Amino acid sequence: ILHAAKSGRVLPRLTLMLPLQFGGYQLLQSFAKSRNVWHDVSIVLLVGNFAMNALGYSIVVLLYRYSVQTIFNRQIPRMEWRESSLRPQPHPAIKSFNTHLLLLRPLEVFFRFMTVRFRVLPDIIVLGETRCGTTTLCSHLSSLSKAGETPIGIK
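Rules used in this analysis
Residues numbered from 1 in each chain as written. Predicted model: local features only at pLDDT ≥ 70, side-chain atom pairs only at ≥ 80, totals over all residues. Heavy atoms only, no water. Phe/Tyr/Trp six-rings, centres within 6.5 Å; stacked < 30°, edge-to-face > 60°. Helix = DSSP H or I, 4+ residues; strand = E, 2+ residues; numbered from the N terminus. Buried < 20%, exposed > 50% of the residue type's maximum accessible area, 1.4 Å probe, protein only. Patch = residues over 30% accessible without salt bridge, like charges linked within 9 Å, V, L, I, M, F, W, Y side chains within 5 Å. Areas by Shrake-Rupley, 256 points an atom, 1.4 Å probe, with all protein chains shown as cover. Salt bridge = Lys/Arg side-chain N within 4 Å of Asp/Glu carboxyl O. Axes fitted to C-alpha atoms, helices over the stretch in contact; angles between N-to-C directions. Parallel < 35°, antiparallel > 145°, perpendicular 65-115°, else oblique. Left-handed = near helix turned anticlockwise from the far one by under 90°. Contact = heavy atoms within 4.5 Å. Nonpolar A, V, L, I, M, F, W, Y, C, P; charged D, E, K, R; others polar.

Some details on the packing of aromatic side chains
The final tally for this structure, using the stated rule, is 1 aromatic pair. Geometrically, the ring pair formed by F22 and Y25 is tilted, given 6.4 Å between the ring centres and 35° between the ring planes. Here F22 pairs with Y25, and both are found in helix α2 (residues 10–31), just 3 residues apart, close to one helical turn. For F22, a relative accessible area of 44% translates into the label partly exposed. Residue classification places Y25 among the buried positions, given a relative accessible area of 15%.

Here we look at a nonpolar patch on the surface
Residues V37, W38, V41 and L45 make up a contiguous nonpolar surface patch of roughly 430 Å² in combined accessible area. The topology assignment puts W38 in helix α3 (residues 37–71). Of the residues examined, W38 reaches a relative accessible area of 61% and is grouped as exposed.

Observations regarding the packing of α3 against helix α4 (residues 94–103)
Each pair of packed helices can be described by the angle between their axes along with the distance between the axes. Look at α3 against α4: their axes get within 10 Å of each other, and the N-to-C directions meet at 115°. In terms of their interaxial angle, α3 and α4 are classed as roughly perpendicular. Seen along the crossing, α3 lies across α4 with a hand that is right-handed. Where α3 approaches α4, its residues Y57, V60, V61, Y64, S67 and V68 are matched on the opposing element by S96, F97, H100 and L101. Broken down by class, the residue content of the contact of α3 with α4 amounts to 7 nonpolar, 3 polar and no charged.

On their own, these measurements won't tell you what the molecule is for.
Right under this line is the structure:
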């Protein structure tokens, strides 16, 4: 989680902030004689952060299960208990789950899913091979006088 937080992922950063927010809430609760605005703000931030963590990790788990079972056509390994080992072994799926956590951005995926209606699709998509004139075509299209204007009646 620390590596993912250093690379700028939102969910691991929120996860690392959760104990700090809880500690700040405990500090405010112990020093404040009565309930004040900071107490209410800390509760709202703590509950909001917990809700975002729960939402994010539930999306990651669902996407992980889907990608392992559907895309890679594999079963998630089961945990086996070995009585002979002194130290418990980590679950075999932890490494692949951490890789999924690094690759997937669950809160960003959720935000994009919720705002899909408000995004504008392009009018033209230019496809082409290397050195076939797509850059020239794009610069010509953008230099036209009507390019970039909104259609009549749409504001």
